[in-house]
Amino acid sequence: MTDAYASALASADVTGDGKNDLIVGARQRRQAFVVAGGSRFTGSRSALDIAVTVVRSALVTNLGWDVSAGDLDFDARADLVVSSFGAQVAAHPPEFTDAGLVFVIYGGTSDLIFANGFE
């Protein structure tokens, strides 16, 4: 996989197909994406060519700083968690400068695409 710029990795079945997926956080690109488990790609390919789910934002700094997954809503499906360290947001109180953000994307659908979802 080329041009991924991975800063964080996790594995869980976020697409709901019974196979563990690779979750990649790429903070330099301000995004996180999921590569479907069971993919049979060989050779070098662009990360975006094989990504199932893309979460990115030009406005949220360090999006993809860390990624994780777990069943947060107790529906027996893994949910995707993406963090952004040091993001400045108007909703933060003044004493919480560089507090960052955490995004939760509920899993279980194999065709989720969140391009520019947090702008």
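Heads up: the structure comes first, above all this text.
A brief look at the structure comes next. (Residues numbered from 1 in each chain as written. Predicted model: local features only at pLDDT ≥ 70, side-chain atom pairs only at ≥ 80, totals over all residues. Heavy atoms only, no water.)

Below, the discussion takes up the nonpolar core. One finds V14, I23, L63, V67, L80, V82 and I105 to be the most contacted residues of the largest nonpolar core, which totals 17 residues. Listing elements by their share of this core, those giving two or more residues are β1 (8–12), β3 (31–35), β5 (63–70), β6 (79–84) and β7 (101–105). No other element matches β1, which puts three residues into this core. By size, the runner-up hydrophobic cluster in this structure holds five residues, among which are V24, A26, F33 and V35. (Core = buried A, V, L, I, M, F, W, Y, C linked by side-chain atoms within 4.5 Å. Buried < 20%, exposed > 50% of the residue type's maximum accessible area, 1.4 Å probe, protein only. Helix = DSSP H or I, 4+ residues; strand = E, 2+ residues; numbered from the N terminus.)

It is worth spelling out the sheet that holds β7 at this point. For sheets, the rule is that strands pair by backbone hydrogen bonds, running either parallel or antiparallel. If you trace the three strands from one edge of the open sheet to the other, you get β5-β6-β7, paired in antiparallel fashion. At either end of the open sheet lies a strand with only one pairing partner, and these are β5 and β7. For this sheet, the mean inter-axis angle between neighbouring strands, taken without regard to orientation, is 20°. Pairing between β6 and β7: five bridges, direction antiparallel. (Pairing = 2+ DSSP bridges. Axes fitted to C-alpha atoms, helices over the stretch in contact; angles between N-to-C directions.)

Each regular strand carries side chains that alternate between the two faces of the sheet. Among the five residues of β3, five are classified as buried, and the element is accordingly described as predominantly covered. The two faces of β3 match: Q31, F33 and V35 on one face and A32 and V34 on the other face are all buried. Pairing geometry for strand β2 (residues 21–26) and β3, over five bridges, is antiparallel. By the bridge assignment for β3, G25 is matched with A32.

It is worth spelling out the environment of A26 at this point. Note that A26 resides in strand β2. A C-alpha to C-alpha distance of 5.3 Å links A26 and S7, two positions 19 residues apart in sequence.

This part covers unusual backbone geometry. The backbone of R30 sits at a positive phi, close to 55°, despite the residue not being glycine. Within the secondary structure, R30 sits in the loop between β2 and β3. Its relative accessible area of 29% is what places R30 among the partly exposed residues. Positive phi, normally seen in glycine, also occurs at F74, with a value near 55°. Within the secondary structure, F74 sits in the loop between β5 and β6.

The next thing to look at is the environment of D49. Take D49: it is sitting in helix α1 (residues 47–50). The spacing of D49 and V35 is 14 residues in sequence and 9.6 Å in space, taken between C-alpha atoms.

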